[in-house]
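Coordinates in review
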Amino acid sequence: MSSSDIFLGETIGTAVLILLGGGVCAAVTLKSSKARNAGWLAITFGWGFAVMTAVYMTASLSGAHLNPAVTIGIAIKDGDWSNVPVYLAGQMLGAMIGAALVWIAYYGQFQAHLTDDSIIATPHEEGMVDQKASPKAGPVLGIFSTGPEIRNTWQNLATEIIGTVVLVLAVLTQGLNDSGKGLGVIGALITAFVVVSIGLSLGGPTGYAINPARDLGPRIVHALLPLPNKGGSDWSYAWIPVAGPLIGGAIAAGIYNIAFA
């Protein structure tokens with residue numbers, strides 16, 4: 001794969017991932033959305049199908065990492081770091097594009113939601129994707145990025161590490177049960193179900209970022225967008241969904257090299 005293919009594939013794939021994943025969060029959260037209050041099950045399956053769509057769409061271009069933790073894990077496993085900067089750049093750009101597209105698709109709902117007195121009268125809306133424990137998190141930040149239900153630094157970090165270890169180890173071990181020949185297009189479906197499983201089982205404490213670009217890129221977009229009464233972007237928490245997944249990806253690669261290589 002050429003550097004241009006990698007950058008293009010990661011940009012497109014991560015944009016689609018965030019568009020569909022952030023889109024389901026917007027659908028569940030925003031007033032005047034037909035899917036409002038659809039619940040955590042809708043969010044977890046929405047993110048899973050977002051992964052499946054993005055991976056299937058761009059695997060032929062870049063291998064569809066779509067996640068710096070996956071890229072780091074593969075680099076540690078293979079010992080090849082030459083294309084890591086290109087992957088990371090495409091992922092961050094794609095994540096920001098996807099978040100901006102969510103805002104465009106739900107523009108009217110964002111405006112209605114953030115000018116509603118019942119929403120802006122309190123620092124947090126009661127919903128599935130809010131960061132209720134800190135006034136630093138605005139009422140729609142959960143559409144763009146993650147936040148904990150209980151703020152405990154070591155627990156929040158550990159949760160992100162554990163969830164990412166499961167994800168990256170699942171990615172690295174794909175195909176080992178098929179004589180090492182790989183799973184082809186079925187791999188996208190398996191990865192999607194892994195993401196759903198992580199969301200259902202481990203997503204409750206922090207919202208399961210398990211992807212630094214998925215969290216940081218949209219958080220930057222939230223900070224930049226001209227959203228009325230949007231509140232803060234919770235930068236004091238932002239390092240956890242970046243550091244946790246990167247640590248988890250490295251640990252997963254270590255486990256792979258010890259147990260499976």
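Residues numbered from 1 in each chain as written. Predicted model: local features only at pLDDT ≥ 70, side-chain atom pairs only at ≥ 80, totals over all residues. Heavy atoms only, no water.

**Considering the packing of helix α8 (residues 153-172) against helix α11 (residues 240-259)**
Between α8 and α11, the shortest axis-to-axis distance is 7 Å and the interhelical angle comes to 45 degrees. The orientation of α8 with respect to α11, classified from their angle, is oblique. Here α8 and α11 pass one another in a crossing that is right-handed. In contact with T153, N156, L157, E160, I161, T164, V165, V168, L169 and L172 of α8, α11 contributes I240, A243, G244, P245, I247, G248, G249, I251, A252, A253, I255 and Y256. Here the residues of the contact of α8 with α11 are counted per class, giving 15 nonpolar, 6 polar and 1 charged. (Axes fitted to C-alpha atoms, helices over the stretch in contact; angles between N-to-C directions. Helix = DSSP H or I, 4+ residues; strand = E, 2+ residues; numbered from the N terminus. Parallel < 35°, antiparallel > 145°, perpendicular 65-115°, else oblique. Left-handed = near helix turned anticlockwise from the far one by under 90°. Contact = heavy atoms within 4.5 Å. Nonpolar A, V, L, I, M, F, W, Y, C, P; charged D, E, K, R; others polar.)

**Section: a nonpolar patch on the surface**
On the surface, a nonpolar cluster with roughly 540 Å² of combined accessible area is contributed by L41, F45, F49, L189, F193 and L200. With respect to the element layout, L41 can be found in helix α2 (residues 40-62). (Patch = residues over 30% accessible without salt bridge, like charges linked within 9 Å, V, L, I, M, F, W, Y side chains within 5 Å. Areas by Shrake-Rupley, 256 points an atom, 1.4 Å probe, with all protein chains shown as cover. Salt bridge = Lys/Arg side-chain N within 4 Å of Asp/Glu carboxyl O.)

**Quick look at the side chain of T164**
You can see T164 is positioned in helix α8. In this structure T164 comes out as buried when scored by relative accessible area, which is 0%. For T164, the side chain forms a polar contact with the main-chain oxygen of E160, separated by 2.7 Å. With near-sequence residues (within four places) excluded, T164 lies in contact with A69, I210, P245, G248 and G249. (Buried < 20%, exposed > 50% of the residue type's maximum accessible area, 1.4 Å probe, protein only. Polar contact = N/O pair within 3.5 Å; in protein donor to acceptor, adjacent residues only side chain to side chain.)

**Brief notes about helix α1 (residues 3-29)**
Under the 1.5 Å per step criterion, the end-to-end length of α1 is 38 Å for 27 residues, consistent within 8% with the ideal 39 Å. Of all 27 residues in α1, 19 are buried, a share of seventy percent or more. (Expected span 1.5 Å × (residues − 1).)

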